[in-house]
Amino acid sequence: MPELPEVETIKKGLAKSLKHKQVKDVFVYTDKMVKVGAGKISNIKKGSKKLTKDFVNGLKNKKVLKVERRAKYLIITLSNNYFLVIHLRMSGQLIYRRKKQLHQPILLSVAKNATKEKLPSKHTHVQISFKDGSQLFYNDTRQFGHLRLVNQKELIEVFKTSNLGPEPLTLSFAEFKKISQINKNKRAKDFLLNQTVISGIGNIYADESLFLSKINPTRKISSLIEQQLKTLHTNIKKVLNKAILAGGSSIETFLTTNGSSGKYTEKHLVYGKVGKPCPVCKTKLVSKKIGSRTSTYCKHCQK
DNA sequence: CTTGCGACCTGTTGGC
DNA sequence: TGCCAACAGGTCGCAA
């Protein structure tokens, strides 16, 4: 679920809930979900008892100083210059519960399968308890995400290796134009999804931005005139900002990272709407695989 | 260098 | 109703 707006929403929630809390204990139920140090994910993918032990011991007694987002990553700054870097991939969720909520199911906003269940659940892989009795659960049905504990030097290395492109929300048009020239041979959809070009946009917001901009996802970037680039640049920000507002409004005291819990789902114009009429011209929306991801768009409006 | 595809996982959905 | 292929908000590695 999580693209930039969802991760941003979670970041805000975590910043509020976790700040100044001190870790009391950590339980790891699935070794491969946790990493320590800057190694490539694939190299430390399988996990081990030793890594888990290092992860747990490294977190114990640390205080949460700050929560930030970079692209689709969450970065939790801990005391002693340690950092917890989390990527939720397709199905990761962070669920925070205060002490008095712990043993009762909570209705999590409008999340689809929302965690009414008892925690830890079947899909809880990591559980962090704080000294005030509150807890943070990392749930992930598909197990693609990870939590990584690093020191400052390793943090820098991790992000250097990942080679992320600029944040779309603070990207100037001049910069956007520059990267579109560098990546002029890419199709518009590939351009938006490529995290080394621009970071944080995923399949939903790529399709939504292209629809608003009346640009066909297969269109080569080099064929766009300046005005179209401007429109796209503006619409990316518009879509992301609106989604952040919607996500933020639906999440109150606690969080789920289930993107479908945000109210923005109701506002999707094309994503997930193959066969439905285009909201502008009523032509049936079509879908097509582009770069192994499904794109949904209007053949009539998007040229 | 790029493109394209399988792999990583589990759960849900839609067509027959 | 039941089965099972196809698909899901992401990324990585590998082969061509």
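Residues numbered from 1 in each chain as written. Chains lettered and ligands numbered in written order. Predicted model: local features only at pLDDT ≥ 70, side-chain atom pairs only at ≥ 80, totals over all residues. Heavy atoms only, no water.

Undergrad: Hey, could you run me through the overall build of chain A in this one?
TA: Scanning chain A for helices and strands turns up 7 helices and 11 strands. Counting the 303 residues in chain A, one finds 53% classified as buried. Put simply, 67% of the contacts in chain A that link residues at least 6 apart link residues at least 24 apart. Surface exposure of chain A reaches about 14500 Å², of which carbon and sulfur atoms provide 52%. (Helix = DSSP H or I, 4+ residues; strand = E, 2+ residues; numbered from the N terminus. Buried < 20%, exposed > 50% of the residue type's maximum accessible area, 1.4 Å probe, protein only. Contact = heavy atoms within 4.5 Å. Areas by Shrake-Rupley, 256 points an atom, 1.4 Å probe, with all protein chains shown as cover.)

Undergrad: Honestly, the state of the cysteines in this entry has me stumped. Any pointers?
TA: Each disulfide consists of one covalent bond between the sulfur atoms belonging to two cysteines. In the structure shown here, the tally under the stated rule is 0 disulfides. Note on Cys281: no disulfide assigned, nearest cysteine sulfur contributed by Cys298 at a separation of 3.7 Å. Residue classification places Cys281 among the partly exposed positions, given a relative accessible area of 23%. A disulfide-free cysteine, Cys301 has its sulfur positioned 3.7 Å from the sulfur of Cys278, the nearest such atom. Here Cys301 falls in the buried class, since its relative accessible area comes to 11%. (Disulfide = S-S within 2.5 Å.)

Undergrad: How should a positive patch on the surface be read in this particular structure?
TA: Together, Lys24, Lys63, Lys99 and Lys131 make up a positively charged patch on the protein surface. Note that Lys63 resides in the loop between α2 (49-59) and β3 (64-70). Its relative accessible area of 40% is what places Lys63 among the partly exposed residues. (Patch = residues over 30% accessible without salt bridge, like charges linked within 9 Å, V, L, I, M, F, W, Y side chains within 5 Å. Salt bridge = Lys/Arg side-chain N within 4 Å of Asp/Glu carboxyl O. Lys, Arg positive; Asp, Glu negative; His and termini not counted. Charge placed at Lys NZ, Arg CZ, Asp CG, Glu CD.)

Undergrad: What should I look at first to understand helix α4 (residues 173-182) in this one?
TA: Side chains of residues three or four places apart in an α-helix project in the same direction, reflecting 3.6 residues per turn. Buried within α4 are the following residues: Phe173, Phe176, Ile179 and Ser180. Take α4 and look down its axis: the buried residues cluster within an arc of 125°, on one side only. Exposed and oriented more than 90 degrees from the buried face of α4 are Ala174 and Ile182. (Arc of directions from axis to C-beta.)

Undergrad: Which parts of the structure should I look at to understand the protein's contact with DNA strand B?
TA: Taken together, the residues surrounding DNA strand B are Lys32, Lys122, His123, Thr141, Arg142, Gln143, Phe144 and Arg187. Across the atoms of DNA strand B situated within 4 Å of the protein, the share located in sugar and phosphate is 61%. Lys32 has a polar side-chain atom sitting 2.7 Å from a phosphate oxygen of DNA strand B. With respect to DNA strand B, the side chain of His123 contributes an N or O atom lying 2.8 Å from a phosphate oxygen. (Near = heavy atom within 4 Å. Polar contact = N/O pair within 3.5 Å; in protein donor to acceptor, adjacent residues only side chain to side chain.)

Undergrad: Honestly, the pattern of salt bridges in this entry has me stumped. Any pointers?
TA: Two side chains with opposite charge may pair up if their charged atoms get near one another. On inspection of all chains with the given rule, the structure shows 13 salt bridges. Ionic pairing is found between Lys50 and Asp54, a salt bridge with its closest N-O pair at 2.8 Å. One end of the pair, Lys50, and the other, Asp54, are both in helix α2, 4 residues apart, so they sit about a helical turn from each other. Residue class for Lys50 comes out exposed when judged on its relative accessible area of 58%. Beyond isolated ion pairs, a larger network of salt bridges with shared partners links Glu8, Lys11, Arg69, Arg70 and Glu167.

Undergrad: Would you take a moment to explain empty space enclosed by the protein for this structure?
TA: Think of a ball as big as a water molecule: rolled over the atoms, this probe shows where empty space is left. One pass over the structure, following the stated rule, counts 2 cavities of 30 Å³ or more. In this structure, the largest cavity occupies an estimated 40 Å³ of space. Around the largest cavity, the lining residues are Leu18, Val23, Leu59, Val64, Ile76, Leu78, Leu84, Ile128, Phe130 and Leu136. Put simply, the parts of the chain that give the lining of the largest cavity at least two residues each are β4 (73-78) and β7 (124-130). Partitioning the lining of the largest cavity into residue classes produces 10 nonpolar, no polar and no charged. Roughly 30 Å³ of internal volume is contained in the second largest cavity. As for the second largest cavity, its lining consists of Pro168, Leu171, Phe176, Ile198, His233, Ile236 and Lys237. (1 Å grid on protein atoms, 1.4 Å probe; cavity = no way out; pocket = protein on both sides within 12 Å on 5 of 7 lines; lining within 4 Å. Points joined across faces, edges and corners; volume = space filled by probe spheres on them. Nonpolar A, V, L, I, M, F, W, Y, C, P; charged D, E, K, R; others polar.)

Undergrad: I would appreciate a short explanation of the side chain of Glu208 in the present structure.
TA: Examined against the element boundaries, Glu208 turns out to sit in helix α6 (residues 203-212). Within the buried set, Glu208 has no salt-bridge partner at all; the shortest N-O distance to an opposite charge, 7.5 Å, is to Lys273. Residues in contact with Glu208, not counting those within four places in the same chain, are Val239, Lys267, His268, Leu269, Val270 and Tyr271.

Undergrad: Is there a simple way to think about α6 in this case?
TA: A large share of α6 lies buried, amounting to 9 of its 10 residues. Turning to α6, its buried residues number three or more, namely Asn203, Ile204, Tyr205, Ala206, Asp207, Glu208, Ser209, Leu210 and Phe211. Positive phi appears at Lys214, one or two residues downstream of α6, with a value of about 55°.

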